[in-house]
Amino acid sequence: MTALLDVRGLVTAFPGPEGDLRAVDEVSFQLARGEVLGLVGESGSGKSVTGFSIMGLVDPPGRVAAGQILFDGADLAQADADTRRSLRGRRIAMVFQDPMMTLNPVLRIGTQMTEALHAHVQISRQEARARARDALGLVGIPSPEERLDGYPHEFSGGMRQRVAIAIALLHRPDLIIADEPTTALDVTIQAQILSEFQKLTEEQGTAVIWITHDLAIVSGLADRIAVMYGGRIVETGGIEEVLRAPRHPYTRGLIRSVPSENTRGTRLAQIPGVTPSLGRMPAGCAFRSRCGRADAACAARPGRFGSLGAYHRCFHPHEETLA
């Protein structure tokens, strides 16, 4: 299957006192039309910066320092500002974790949504308003016609997040990058949003990168998973394959730290230590300071073991299936 998005050796760097700090370090993955990729990891692992890099939203002095971002065959890493602007919102959309990064506090919701439509398609004001109203209805906002005339401060945090999701859905884009979009939503609305994304992938062939730390959501939504640590993808593969038999110790630690009814009354498992800062990333395997399987071999940087679609970066991978 031809990839809609093909990321090859992506490096996104920020200048530091002692040189460039790699927030995204040689990340590679492919995404086909209609496929959902779950991008998982702790805070600071590089998930959101990967999404910003694809969108061309890394603010200076940060920059995409190396690699290719091939979207439908064209390299976005080399594209000019006008090309990127023509794609954003229309063919590639992003839902940010903080909806106030998307919404203008001094403009009515309806104005912001219709402007997003008029930026890419020639339609009447009435049709644009109707499409905006329908999009609000899709994400569970009551009385959508009336809410179009409201301002962002008149909405709760969860309602603002739903508006941001509705704006991303307006053009039925080819690719949506969703950065923890359901964190502020209650369980009922969360299920509704997940259902809408599933419909997009099935009916419209929309590809989705779902950035999250919630393995439960990923397990029910994604086709494949990519686990990030220290700016690198340390393991990737099919969702069932990775969650049932994770090879990398970090992936296994994440899965075991999820609360379960089977372990009621016992202490929660946890990964020892904390994620090192970019300026203090250990040489070799970035996870070795927190890993119980690390030895002298881990002082070298592990390569990819496996194929591009299913690989891990570990010299001492686990072999057994999780209970």
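Residues numbered from 1 in each chain as written. Predicted model: local features only at pLDDT ≥ 70, side-chain atom pairs only at ≥ 80, totals over all residues. Heavy atoms only, no water.

**Things to note about the sheet that holds strand E2 (residues 19–32)**
Strand order in the open sheet formed by four strands is E2-E1-E4-E5, and the pairing between neighbours is antiparallel. Taken across any chain shown, the strands that pair with only one partner, and hence form the sheet edges, are E2 and strand E5 (74–75). Relative to E2, strand E1 (residues 3–16) is paired through ten bridges, and the arrangement is antiparallel. Bridging from a neighbouring strand, Gly-16 pairs with Gly-19 of E2. (Pairing = 2+ DSSP bridges. Helix = DSSP H or I, 4+ residues; strand = E, 2+ residues; numbered from the N terminus.)

**Section: the nonpolar core**
Ranked by size, the top nonpolar core spans 56 residues in total, and within it Met-113, Leu-136, Val-163, Ile-165, Trp-210, Ile-225 and Tyr-250 carry the most contacts. At seven residues, helix H6 (residues 157–169) tops the list of elements feeding residues into this core. Judged by nonpolar contacts, the second largest core, of 28 residues, contains Leu-4, Leu-39, Phe-96 and Ile-211. (Core = buried A, V, L, I, M, F, W, Y, C linked by side-chain atoms within 4.5 Å. Buried < 20%, exposed > 50% of the residue type's maximum accessible area, 1.4 Å probe, protein only.)

**Looking at the side chain of Glu-196**
Secondary-structure assignment places Glu-196 in helix H7 (residues 187–204). Taking relative accessible area as the criterion, Glu-196 reaches 8% and is therefore assigned buried. With sequence-adjacent residues up to four places away left out, Glu-196 is seen in contact with Leu-138, Leu-169 and Arg-172. (Contact = heavy atoms within 4.5 Å.)

**Section: helix H3 (residues 109–118)**
Among the residues of H3, those classed as buried are Ile-109, Gly-110, Gln-112, Met-113, Thr-114 and Leu-117. Looking at the buried positions of H3, the neighbouring elements they touch are helix H4 (125–138), helix H5 (144–147) and H6.

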